[in-house]
Amino acid sequence: MAKTTFLNVDNNNVLASIQDLLKSVLEQDDIEAILAPQNIKIGNNDKGINIMPVLIYDPTLIEDIDPLAPTFVMNAAKLVSKLTHKPMGKKIAVVLRACEIRALIELVKLKQANMEDIIIIGIDCLGAYTNKDFAKLAVSDAKELTQQFCENVLAGKEPPVEGGPDLSSACRVCEYPIPENADILIGLFGQDIKKQIMLQSLTEKGTALFEKLSYTESEESSKKLADRKKVISEVIARKKDFRDKVFEITHEATNTLEKLSNYFVGCINCYNCRVACPVCYCRECVFNTDVFNHDPYQYIQWAKRKGSVKLPADTNFYHITRLAHISLACVGCGQCSNACPNDIPVMELFKYVANSTQAAFEYEAGKDIDQPLPLSVFKEEEYLDVVGIN
Amino acid sequence: MAEHEPLIIAFVCNWCTYTAADLAGTSRLSYPKNIRMIRVMCTGMVDPQYVIKAFLEGADMVIVSGCHPGDCHYINGNYKARRRIKLLKEILPKFGIEKERLKLTWIGASDGIEFAKTMQELVVQAKNIDPNPAGTEA
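Computed from a predicted structure; not experimentally measured.

*Asks:* Explain the overall build of chain B here, please?
*Replies:* If you tally the helices and strands in chain B, you get four helices and four strands. Ordering the α and β elements of chain B from the N terminus gives β-α-β-α-β-α-β-α. Each principal axis of the C-alpha atoms in chain B carries an extent, and together these give about 40 × 35 × 15 Å. When burial is assessed residue by residue, chain B has 54% of its 138 residues classed as buried. Within chain B, counting contacts between residues at least 6 apart in sequence, those at least 24 apart form 81% of the total.

*Asks:* What should I look at first to understand the sheet that holds strand E3 (residues 49-56) of chain A in this one?
*Replies:* Sheet strands pair via backbone hydrogen bonds, and the direction of the pair is either parallel or antiparallel. Residue and element names in this part refer to chain A. The strand order across the open sheet formed by seven strands is E1-E7-E6-E5-E4-E2-E3, and the pairing between neighbours is mixed. Each having just a single partner strand, strand E1 (3-8) and E3 make up the two edges of the open sheet. The average undirected angle you get between the axes of adjacent strands in this sheet is 25°.

*Asks:* Honestly, the environment of Lys212 of chain A in this entry has me stumped. Any pointers?
*Replies:* Residues and elements named next belong to chain A. Note on placement: Lys212 falls in helix H7 (residues 204-212). Residue classification places Lys212 among the partly exposed positions, given that 14 C-beta atoms sit within 10 Å. Between the C-alpha atom of Lys212 and that of Ser24, which follows or precedes it by 188 residues, the distance is 10.0 Å.

*Asks:* Which parts of the structure should I look at to understand the sheet that holds strand E2 (residues 35-40) of chain B?
*Replies:* Residues and elements named next belong to chain B. Here four strands make up an open sheet; going across it, the order is E2-E1-E3-E4 and the pairing parallel. Each of the sheet's edge strands pairs with one partner strand only, and the pair in question is E2 and strand E4 (102-106). Going across the sheet, the axis of each strand differs from the next one's by a mean of 20°, ignoring polarity. Bridging between strand E1 (residues 8-13) and strand E3 (residues 61-66) involves five bridges; their strand directions are parallel. In the sheet register, Ile8 faces E3, and the bridge partner there is Met61. Contacts from helix H2 (residues 48-56) reach E1, E3 and E4, with the element oriented near 150° to E3. On top of the sheet, helix H3 (residues 77-91) reaches E3 and E4; it is set at about 160° to E4, its chief contact.

*Asks:* Sorry if this is basic, but what is going on with the domain arrangement of chain A here?
*Replies:* It is common to give the size of an interface as the accessible area that goes away when the parts come together. Residue and element names in this part refer to chain A. For chain A, the assigned domains read domain 1 (3-233) and domain 2 (243-386). Averaged C-alpha coordinates put domain 1 and domain 2 at centres separated by 29 Å. Contact residues are listed per partner, giving 23 residues for domain 1 and 22 residues for domain 2. Of all elements in the fold, only helix H2 (77-84), helix H3 (98-109) and helix H6 (169-172) reach the threshold of two or more residues within the side of domain 1 that touches domain 2. Top contributing element to the side of domain 1 that touches domain 2 by residue count: H3, with eight residues. Its residues placed into classes, the side of domain 1 that touches domain 2 shows twelve nonpolar, six polar and five charged.

*Asks:* For this particular structure, what's the right way to read the confidence of the model for chain B?
*Replies:* When pLDDT is low, close inspection of the predicted coordinates is not appropriate. Across chain B, the average pLDDT comes to 95, with 96% of residues at or above 70. The complex prediction reports pTM at 0.95, with the ipTM value standing at 0.95.

*Asks:* Just to check I follow, could you spell out the pairing of strand E7 (residues 196-201) of chain A for this structure?
*Replies:* Here is the key point about a regular strand: its side chains alternate between the two faces of the sheet. Residue and element names in this part refer to chain A. Among the six residues that make up E7, five are buried, leaving the element largely enclosed by the rest of the structure. Where strand E6 (residues 184-187) lies against E7, four bridges are found, and the strand directions are antiparallel. Each residue of the ladder has a partner; that of Ile184, found in E7, is Ser201.

Parameters and conventions
- Residues numbered from 1 in each chain as written.
- Chains lettered and ligands numbered in written order.
- Predicted model: local features only at pLDDT ≥ 70, side-chain atom pairs only at ≥ 80, totals over all residues.
- Helix = DSSP H or I, 4+ residues; strand = E, 2+ residues; numbered from the N terminus.
- Buried ≥ 20, exposed ≤ 12 C-beta atoms within 10 Å, placed from the backbone.
- Contact = placed C-beta atoms within 7 Å.
- Pairing = 2+ DSSP bridges.
- Axes fitted to C-alpha atoms, helices over the stretch in contact; angles between N-to-C directions.
- Domains from an automatic or database assignment.
- Nonpolar A, V, L, I, M, F, W, Y, C, P; charged D, E, K, R; others polar.
- pLDDT = per-residue confidence, 0-100.

Rendered as structure tokens:
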């Protein structure tokens, strides 16, 4: 079913090749629009750019899109949810990062999104800077940065651009750089992106599009795919090593409630992490309700019992509750950390706990659309070890 | 360490364990005063939040107790509770709240004796572990 071909890259410009490909996708009769990250200048002065998701109808506007730019402003799975929670009557293509696709799969399971009207185009993910670090670069056009960034990351350079910042920690620890659940995959790992990139269809939908675009299966693909596989497994092994080190540090920093309070000491209950989280699924969050509108006297009671109480209160309660709610669906995209005004390493803790809770239920968030959410099902005979008082 | 009086929060379902507690009372069985019972309609409605809150406010132990598998008044609430307890037993120990502090049991409506015995045993266990530091710190 899967078909593979290799596209030539002209003038050392990988972005242009991807834009051409997306343009030909958008020109298909049955594809109404395409959702992809686009270069947008900030203000009128040279304050730099933002790369924001844009729904593009006009194929001539494709020249400003840049899905390879090293920035990840928000997890677009939430936007796909907005576009698909009801039938839209049209089909669209969406260009997503691997973690966005994985979050989208969780949202589909939560019945907050639908795959029917979309075709997913995934690109090997080379990671991104934090929003703050990207803003500091203040580039007026990301295209040059994008090319240099991609070449350097594929060459294994850290940091990706000499003298520049490191990737965001979520990207540094991410063991899922390949968008395996896309319909169409654009492969960068194992390719000399100055010369060519890979295009692969992974689903029936993807294969249909692949054929409509008049691509034919490449004959040399098996050797090239084997090389690619080797490169990818090396990248993943390196990321996992780093991930495990981060887990160890996070464990040391949070293994008592007192340490956890300290970890979150800068938390101001802005709940940005909750808003940024693609899988925080409640329509109305309990932390916005009167349950947390405590009686003023309550604060005095807390202060009295513990000697003092840090305000705003309930930070441990909030974060542990969010862990209980979403750690099984956490895809580790790191938008929680990105959104934190006080630079609390939220992702590190969530990924670390999610790693254990998902393992406990033999579940992997975002992997398989047919695997039900652990808390939505049960069996009669299971987890007998949690029952009983001994 | 001097023996402390532990605090145990018990979420008990209306149909089985609460009824068992009632039976224990009418049968004049006694159980220690360390248990604070909260009656819920079903263990399936015990949001993980309730348990987290209890521990953060200093409970030394939390027990959730309901109908035996197959006997749930709402057919399957107890099975759902079991998965949530499983989840909490993964999360809470990361922050120093040991697995042993959280219990799940099935105590049927006619098990008044079992209820009293379970509560007595829990208090013995709770006295043998350190007090929950969240009672005074964190």
